[in-house]
Amino acid sequence: MFDYYYPKREKWSKAWREGVQFHTNNLIESWHNQLKTHYLKRTRKHRIDYIVWVLTQVVDCAYRQSIL
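Described in the following lines is the structure provided in the data block. (Residues numbered from 1 in each chain as written. Predicted model: local features only at pLDDT ≥ 70, side-chain atom pairs only at ≥ 80, totals over all residues. Heavy atoms only, no water.)

## Some thoughts on the overall build of the protein chain
Thinking step 1. Scanning the protein chain for helices and strands turns up 4 helices and 0 strands.
Thinking step 2. In the protein chain, the succession of helices and strands from N to C terminus is α-α-α-α.
Thinking step 3. For a compact globule of 68 residues, the expected C-alpha radius of gyration is about 11 Å, and the protein chain comes in at 19 Å, more than 25% above that figure.
Thinking step 4. A principal-axis box enclosing the C-alpha atoms of the protein chain has dimensions of 55 × 30 × 15 Å.
Thinking step 5. Going through the 68 residues of the protein chain one by one, you find that 9% of them count as buried.
Thinking step 6. As displayed, the protein chain has an accessible area near 6,600 Å², and 57% of this comes from carbon and sulfur atoms.
Thinking step 7. A gap of 7 Å separates the mean positions of the 12 positive and 6 negative side-chain charges of the protein chain. (Helix = DSSP H or I, 4+ residues; strand = E, 2+ residues; numbered from the N terminus. Rg over C-alpha atoms; globule rule 2.2 N^0.38 Å. Buried < 20%, exposed > 50% of the residue type's maximum accessible area, 1.4 Å probe, protein only. Areas by Shrake-Rupley, 256 points an atom, 1.4 Å probe, with all protein chains shown as cover. Lys, Arg positive; Asp, Glu negative; His and termini not counted. Charge placed at Lys NZ, Arg CZ, Asp CG, Glu CD.)

So, in structure tokens, the structure goes:
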């Protein structure tokens, strides 16, 4: 299996390609984790109006306070 997949590693993983940009980074992943943990309490059953309210009122307010 190693002999088959290792020579083709550039074809199935961006990590092995040179000059390829990734679409996420650790900062985005960390912020997304904080959003789910602290603001949404790890619950998946939120209505869309609640999520929009959290983002526009709570998260935005906390962000503005942190940059002042």
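Now that the structure is up, let's keep going.
## Concerning helix 3 (residues 26–39)
Thinking step 1. Between the first and last C-alpha of helix 3 there are 19 Å, a value that for 14 residues agrees with the 20 Å anticipated at 1.5 Å per step.
Thinking step 2. Of the residues trailing helix 3, lysine 41 is marked for its positive phi of about 55°. (Expected span 1.5 Å × (residues − 1).)

## Focus: the pattern of salt bridges
Thinking step 1. Going through the model one piece at a time under the given rule, you end up with 2 salt bridges.
Thinking step 2. Its salt-bridge partner being arginine 47, residue aspartate 49 comes within 2.6 Å of it at the nearest N-O pair.
Thinking step 3. When its relative accessible area of 42% is taken as the criterion, aspartate 49 is described as partly exposed.
Thinking step 4. The partner of aspartate 60 in a salt bridge is arginine 64, and the shortest N-O contact between them spans 2.9 Å. In this pair, aspartate 60 and arginine 64 both sit in helix 4 (residues 48–67), 4 residues apart, roughly one turn of the helix.
Thinking step 5. Residue aspartate 60 is classed as partly exposed on the basis of its relative accessible area of 27%. (Salt bridge = Lys/Arg side-chain N within 4 Å of Asp/Glu carboxyl O.)

## Here's the deal with the packing of helix 3 against helix 4
Thinking step 1. Here helix 3 crosses helix 4 at 110°, and the two axes come no closer than 12 Å. In terms of their interaxial angle, helix 3 and helix 4 are classed as roughly perpendicular. In this structure, helix 3 contributes Trp31, Leu35 and Tyr39 to the contact, and helix 4 contributes Tyr50, Val54, Leu55, Val58, Val59 and Ala62.
Thinking step 2. Of the residues that constitute the contact of helix 3 with helix 4, the class distribution is 9 nonpolar, no polar and no charged. (Axes fitted to C-alpha atoms, helices over the stretch in contact; angles between N-to-C directions. Parallel < 35°, antiparallel > 145°, perpendicular 65-115°, else oblique. Contact = heavy atoms within 4.5 Å. Nonpolar A, V, L, I, M, F, W, Y, C, P; charged D, E, K, R; others polar.)

## Here we look at the environment of lysine 41
Thinking step 1. As for its position among the elements, lysine 41 is in the loop between helix 3 and helix 4.
Thinking step 2. Linking lysine 41 and lysine 8, residues 33 residues apart in sequence, is a C-alpha distance of 41 Å.

Honestly, that's just the spatial picture; any functional story needs more than this.
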